[in-house]
Each structure stands twice: as structure tokens, then as C-alpha cells.
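Residues per chain, in single letters:
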Amino acid sequence: MLVTEQSNRSNQRHSLVFSVVVAVVILLLALKWQLALFALPLAYGVYHLMRRRTLRRIKVLAEPLPDTWEEVLLKNVVFYQALDEAGRERFRNLVKVFIDEVPVTGIRTDVDDITHVLVAASATIPIFGFEDWEYSGLGEILIYPGAFNEEYQTDQGVSRNTLGMIGVNHLSGVMILSKPDLISGFKNHKDKRNVGIHEFAHLVDKADGAVDGLPNRVAGDVAAPWIGWVAEELKRDPRAREEIDDYAYTNEAEYFAVLSEYFFEAPEHLQRRHPEVYGMMRKMYHQDTRSFLSRVKPRARRVGRNSPCPCGSSKKYKKCCSQKTKRGMKLNA
């Protein structure tokens, strides 16, 4: 999503070459049909069209991050807190481009600065280790006022256990996130739960066209061990791995997304309990989160079952987010 001097020159060169080809074709046509000369401005249009996104990104990157957005990152995103200044600048730039290009729409709820920035942070964290990344095909993110059911209902009295999903079929290109659960995912960095990271992990997985729990950028020395590990894990009784959310055992894709939450939320614990898994995920994401995030010691507060839920619903934790465990994909729409 970032524009470097090299990528800008490459885009400029390709745009120029393509527009020249269009101009030459028009001139050749004009040798037999002079009216074709009226199409010559099309060459400039092609050049401008191919340069448009790059030029817009250059403009966005040149603008400073709003102070309110910076405040949200510093107060809520431990990943951002752990970065040095160069890393923070890169993170800010990724956030700016994402917010500029991906619409975030509230459904019966407002999209304030906190919501908008945390969505962008959720998108940035999983791909921060990649030199170049595009969330191709992501058209819009819908923010719901709370958890929802299979019919996308959030009304009181209906069973609501879905915190987020990415759509397929007619919902392809759409992500849905529960606003309070998105926010609560950043409240406690050690609880291995972050629905925003979970859903964007699905998009990292989906980059090769299939949501199968194996991202396309996985090195050859990791793919086979990872496939073998997941296959054996899915045969287990989920209760045998108490530290891993039961929802991981739904299928390969959910295992990857849940372990991604684990990798970015509690990497020290993951590395201690399952060093081989941590090593594979470190190579998949090109990030060493254990050593990286150890620079920051977040003030995590244990939430008791009868304590007010941190998502702000005014319910007791045991009646609210403690029961909300479903995060994933809309497989049939």
C-alpha cells in the first residue's frame, strides 16, 4: 500500500509506455481513417488513469496523521507502542492509506475516530512484516452496533454470537465487524482475542484466492509442516488445548485466524507452549512478535465473570463477551 521512489518510477514508466502504445495505435489507424485522430487524447487519459492511485497515495502519505488518530494508536494499540519511530512512521502511513481507500460504514451506529483507526490498525498489524501488500478485493467494511446472528440481526432476544465475518458470493469484498467487540479486542493485549486481527488474517489467507488456512506467501519449508500440524490438531478434542480457543477447531481457516490472534496478542505464551508453531507463524508473517512486543508491558486488567464487560455493553462479562466466541467467515450467502 505504500509508495516508494522505486515503485513510483515503475508506475510512471509503465503508464508512459502503455499510453505511448495507445497513441501509436491511434496514429496508425489515422493513416487510413483520419477521424481516429480525435481519439488521441485517450492516450493521456490512459496515462492519468494508470497513475491516479499512485499519485493519490503520494498525496495522502505527505499529509500528517491527525492528532486524534495518533492518540487512538498510542492509547489502544500495543503493537504501535512497541515500534521505534521509523516503524511508527511506516505504521502511520499504512493507516492513512487504508483509511483513505477502504470505506468504513456504520450500520445503526456511528463510526468515530476510535472505530476507524482500530479497523485500520487491525488491517495493518498482520501485514506489517510484508514489504508490499494490497488487500485486493476489499470493497467495504460494515460496523455493526453489536454481535449479530446468521441473518445479520442485532436485535435483543435473538441469538447473537457472531463478532465479525468476511463475506463470499454476493457479500464478497465486504467485512462485518461488531463495534464493541472490535474495541474490546484492543483493551487487553494478553487475552488472545482480537476480532479485527482475526478477520484480516482471513484476508491474508484469502490472497491466493482460497480461504484454506495457508497464505500464499508461505515459504516452502513452512507449508508442509504447517499443513501437517493443523491436520493433526483438528483431530484433537479441543479441550486438550485449553490455551487455544475452541473455535480454532472448526476448520483449517479458523485455526489459522485464531492462532493469528494468539501470535499477535500473546506471543510469549505461544512461543513457550508451542515453540514449533510460533516459529512457523513467525516465518508466515515475517514478524518476531515475541521479542518485538516484549518492549511494552501493557496494563492488562483481569475481568471477573461478574465484572462489567469491557466492551461497554453494561452487562456482566459472563453474560456478554465471555459467551461470544464466533469469529470467522460467511461461508454461504
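In what follows, the structure referred to is the one given above.
The sections below set out a description of the structure shown in this document. (Residues numbered from 1 in each chain as written. Predicted model: local features only at pLDDT ≥ 70, side-chain atom pairs only at ≥ 80, totals over all residues. Heavy atoms only, no water.)

**Some remarks on the overall build of the protein**
Counting its regular elements, the protein contains 13 helices and 5 strands. When burial is assessed residue by residue, the protein has 48% of its 333 residues classed as buried. If you take every contact in the protein between residues at least 6 apart in sequence, the share linking residues at least 24 apart comes to 67%. Carbon and sulfur atoms form 53% of the exposed surface of the protein, whose accessible area is close to 17000 Å². (Helix = DSSP H or I, 4+ residues; strand = E, 2+ residues; numbered from the N terminus. Buried < 20%, exposed > 50% of the residue type's maximum accessible area, 1.4 Å probe, protein only. Contact = heavy atoms within 4.5 Å. Areas by Shrake-Rupley, 256 points an atom, 1.4 Å probe, with all protein chains shown as cover.)

**Quick notes on the nonpolar core**
With 79 residues, the main nonpolar core has Val 77, Phe 79, Phe 91, Phe 98, Tyr 135, Ile 141 and Phe 200 as its most contacted residues. Of all hydrophobic cores here, the second largest spans 6 residues; its members include Tyr 144, Phe 148, Met 165 and Ile 176. (Core = buried A, V, L, I, M, F, W, Y, C linked by side-chain atoms within 4.5 Å.)

**Comments concerning helix H3 (residues 67–76)**
Within H3, the full set of buried residues consists of Trp 69, Glu 70, Val 72, Leu 73 and Asn 76. Summarising the axial view, the buried residues of H3 lie within an arc of 160°, below the 170-degree limit, and thus occupy one face. Of the exposed residues in H3, those oriented more than 90 degrees away from the buried face are Asp 67 and Lys 75. Buried residues in H3 make contact with helix H4 (78–81), helix H5 (85–101) and helix H6 (113–127). (Arc of directions from axis to C-beta.)

**Concerning the pattern of salt bridges**
According to the stated counting rule, one finds 16 salt bridges in the structure shown. Between Glu 134 and Arg 57 there is a salt bridge whose closest N-O contact spans 2.7 Å. On the criterion of sequence distance, the pair formed by Glu 134 in the loop between H6 and strand S2 (140–144) and Arg 57 in helix H2 (residues 41–62) is long-range, its members being 77 residues apart. Classification of Glu 134 by relative accessible area gives partly exposed; the value is 29%. For Lys 283, the salt bridge identified is with Asp 221, shortest N-O distance 3.2 Å. Taken as a pair, Lys 283 in helix H12 (residues 275–285) and Asp 221 in helix H9 (residues 220–233) lie far apart in primary sequence, 62 residues in all. Taken together, the shared-partner salt bridges in this structure form one network comprising Arg 53, Arg 57, Glu 101 and Glu 134. (Salt bridge = Lys/Arg side-chain N within 4 Å of Asp/Glu carboxyl O.)

**Examining the packing of aromatic side chains**
Enumeration over the complete set of coordinates arrives at 20 aromatic pairs. Plain terms: the ring middles of Trp 226 and Phe 256 are 6.3 Å apart, the flat faces sit at 85° to each other, and that makes the pair edge-to-face. With Trp 226 in helix H9 and Phe 256 in helix H10 (residues 252–265), this residue pair connects regions lying 30 residues apart in the sequence. Assigned by exposure class, Trp 226 and Phe 256 land together as buried. Arg 88 extends its terminal NZ or CZ atom over the ring of Tyr 80, reaching a point 5.1 Å from the ring centre. One cation-aromatic arrangement involves Lys 192 over Tyr 262; the distance from NZ or CZ to the ring centre is 4.9 Å. (Phe/Tyr/Trp six-rings, centres within 6.5 Å; stacked < 30°, edge-to-face > 60°. Lys NZ or Arg CZ within 6 Å of the ring centre and 35° of its normal.)

**Observations concerning the packing of helix H1 (residues 5–30) against H2**
Where H1 contacts H2, the axes come no closer than 7 Å and their chain directions differ by 170°. With respect to H2, the element H1 is oriented roughly antiparallel. The crossing of H1 and H2 is right-handed. Only Leu 42, Ala 43, Val 46, Tyr 47, Met 50, Arg 51, Thr 54 and Ile 58 of H2 make contact with H1, whose side of the interface consists of Asn 8, Asn 11, Gln 12, His 14, Ser 15, Leu 16, Phe 18, Ser 19, Val 22, Ala 23 and Ile 26. Class assignment for the residues of the contact of H1 with H2 results in 11 nonpolar, 7 polar and 1 charged. (Axes fitted to C-alpha atoms, helices over the stretch in contact; angles between N-to-C directions. Parallel < 35°, antiparallel > 145°, perpendicular 65-115°, else oblique. Left-handed = near helix turned anticlockwise from the far one by under 90°. Nonpolar A, V, L, I, M, F, W, Y, C, P; charged D, E, K, R; others polar.)

**Section: the environment of Lys 206**
Tracing the backbone shows Lys 206 in helix H8 (residues 195–206). When the C-alpha positions of Lys 206 and Ala 253 are compared, they lie 9.4 Å apart, and in sequence the two are 47 residues distant. Apart from the residues within four sequence positions on either side, Lys 206 is in contact with Ile 166, Gly 167, Ser 172 and Val 211.

**Focus on the side chain of Glu 254**
Residue placement: Glu 254 occurs in helix H10. Glu 254 gets classed as buried once you look at its relative accessible area, which sits at 2%. Among the polar contacts made by the side chain of Glu 254, one reaches the side chain of His 202 at a distance of 3.2 Å. (Polar contact = N/O pair within 3.5 Å; in protein donor to acceptor, adjacent residues only side chain to side chain.)

**Some thoughts on H10**
With 14 residues, H10 extends 20 Å from end C-alpha to end C-alpha; this agrees with the ideal 20 Å at 1.5 Å per step. Most of H10 sits out of view: 13 of its 14 residues are buried. At the N-terminal boundary of H10, the capping side chain belongs to Asn 251, with an oxygen 3.1 Å from the backbone nitrogen of Ala 253. (Expected span 1.5 Å × (residues − 1).)

Nothing here speaks to function; it is all geometry.
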